[in-house]
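# Understanding the architecture of this molecule
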Amino acid sequence: MSRRIWLIAPLALFLASCQDSPDAGAPTAPAVANAALAETSLLGPELEAALADAAATDTFEVVVNYDETLTTLDAVTSSVLQLGAGVIQFRHLSMLASLATKEQILAMQTLAGLQSIYLNRELRYLNAEGRGSINADDVHALGITGKGVGIAILDTGIDGGHPDVAFGSKTVQNVKHVANLRDAYYFEGKINGTIRKGADLYIEDVENTETSVGHGTHVAGTAAGSGAASDGKYTGVAPGAHLIGLGAGDVLFVFWILSGFDYIIDHQREYNIQVVNNSWGSSGLFDPDDPINE
């Protein structure tokens, strides 16, 4: 079942060579009356609409979903190919992609074991819609914006040069970890050395601690961005809050995450940090003794 939930978001994994129309010498698909749409339609709504005004030989990229308890990938592939349509298989999904004419798509509905046929439609990015989906705008209207609250973004860093998360106003502190961790260790007998604290292994007041990835800046904007660069369209969930950025690196390691927490606790009162964002993780079973979980 988990492999079928991708049905409503067809994947755009199509090779450029598949943009060509099916070969003129390919087998001709049996003609199917449009009335079949209303009776046994397996077509997604966007595909159904696209086919309504299409000529019989117009081609479309579609995703064909099948029930793996009733048929097999090879059987569906063979049947689709016999209709004269093109095929791209997926390695782990119970579906395949096809480049097919209107006639061939309509004929596919008669194949055994098929569940649906969806258009390879264009998807869109969602970001500004986030506030409305959690009713944040209604809370803002009540005057609740997170004003005075510090949100620590423990991530890849924050680009304080972006007007939505500007350093010095929105981002009140931005720190970057010391790169050469091995040089920071203390060993017995080290001359003029002291054991250092994780919270101290950060450089403060860095305008841009986001060197390449962009993830931390994105998260910071989602949490508390001012929306200055978009006339408010991309205002964050808590636009009154201020940000504390902790650049733990483009590649996150356990130690730098722990050092980030050490810094946050060290400066919690100074910046009134009440929220810490951690949009990262690992896989496997939950381990209560893992240092991150501790």
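Here is a short report on the structure shown in this document. Predicted model only: the values in this text are computed from it and were never measured.

Another point: the sheet that holds strand β8 (residues 242-247). Read across the sheet, 5 strands follow the order β7-β6-β8-β5-β9 without closing on themselves; strand pairing throughout is mixed. Only two strands of the sheet have a single neighbouring strand rather than two, namely β7 (202-203) and β9 (273-277). Pairing of strand β5 (residues 150-155) with β9, which is carried by 4 bridges, proceeds in the parallel orientation. By the bridge assignment for β9, Ala152 is matched with Val276. Each of β5, β8 and β9 is contacted by helix α7 (residues 215-224), which is oriented at about 160° to β5, the strand it contacts most. Where helix α8 (residues 254-266) meets the sheet, it contacts β5, β6 (171-177), β7, β8 and β9, and its direction lies at approximately 165° from that of β5.

This part takes up a negative patch on the surface. Taken together, the side chains of Asp200, Glu204, Asp205, Asp262, Asp266 and Glu270 define an acidic patch exposed on the protein surface. Within the secondary structure, Glu204 is located in the loop between β7 and α7.

The subject of this paragraph is the packing of aromatic side chains. Scanning the model with the defined rule gives 3 aromatic pairs in all. Geometrically, the ring pair formed by Tyr202 and Trp256 is edge-to-face, given 6.1 Å between the ring centres and 80° between the ring planes. Taken as a pair, Tyr202 in strand β7 and Trp256 in helix α8 lie far apart in primary sequence, 54 residues in all. Take Tyr202: its relative accessible area is 7%, and that puts it in the buried class. Each ring, one from Phe255 and one from Trp256, has its centre 5.0 Å from the other, and the planes form 80°; the classification is edge-to-face. Residue classification places Phe255 among the partly exposed residues on the basis of a relative accessible area of 29%. In this structure Trp256 comes out as buried when scored by relative accessible area, which is 5%. Of the aromatic side chains, those joined through ring pairs into one cluster are Tyr202, Phe255, Trp256 and Tyr263.

Analysis parameters
- Residues numbered from 1 in each chain as written.
- Predicted model: local features only at pLDDT ≥ 70, side-chain atom pairs only at ≥ 80, totals over all residues.
- Heavy atoms only, no water.
- Pairing = 2+ DSSP bridges.
- Helix = DSSP H or I, 4+ residues; strand = E, 2+ residues; numbered from the N terminus.
- Contact = heavy atoms within 4.5 Å.
- Axes fitted to C-alpha atoms, helices over the stretch in contact; angles between N-to-C directions.
- Patch = residues over 30% accessible without salt bridge, like charges linked within 9 Å, V, L, I, M, F, W, Y side chains within 5 Å.
- Areas by Shrake-Rupley, 256 points an atom, 1.4 Å probe, with all protein chains shown as cover.
- Salt bridge = Lys/Arg side-chain N within 4 Å of Asp/Glu carboxyl O.
- Lys, Arg positive; Asp, Glu negative; His and termini not counted.
- Charge placed at Lys NZ, Arg CZ, Asp CG, Glu CD.
- Phe/Tyr/Trp six-rings, centres within 6.5 Å; stacked < 30°, edge-to-face > 60°.
- Buried < 20%, exposed > 50% of the residue type's maximum accessible area, 1.4 Å probe, protein only.

Honestly, it's all geometry; don't read function into it.
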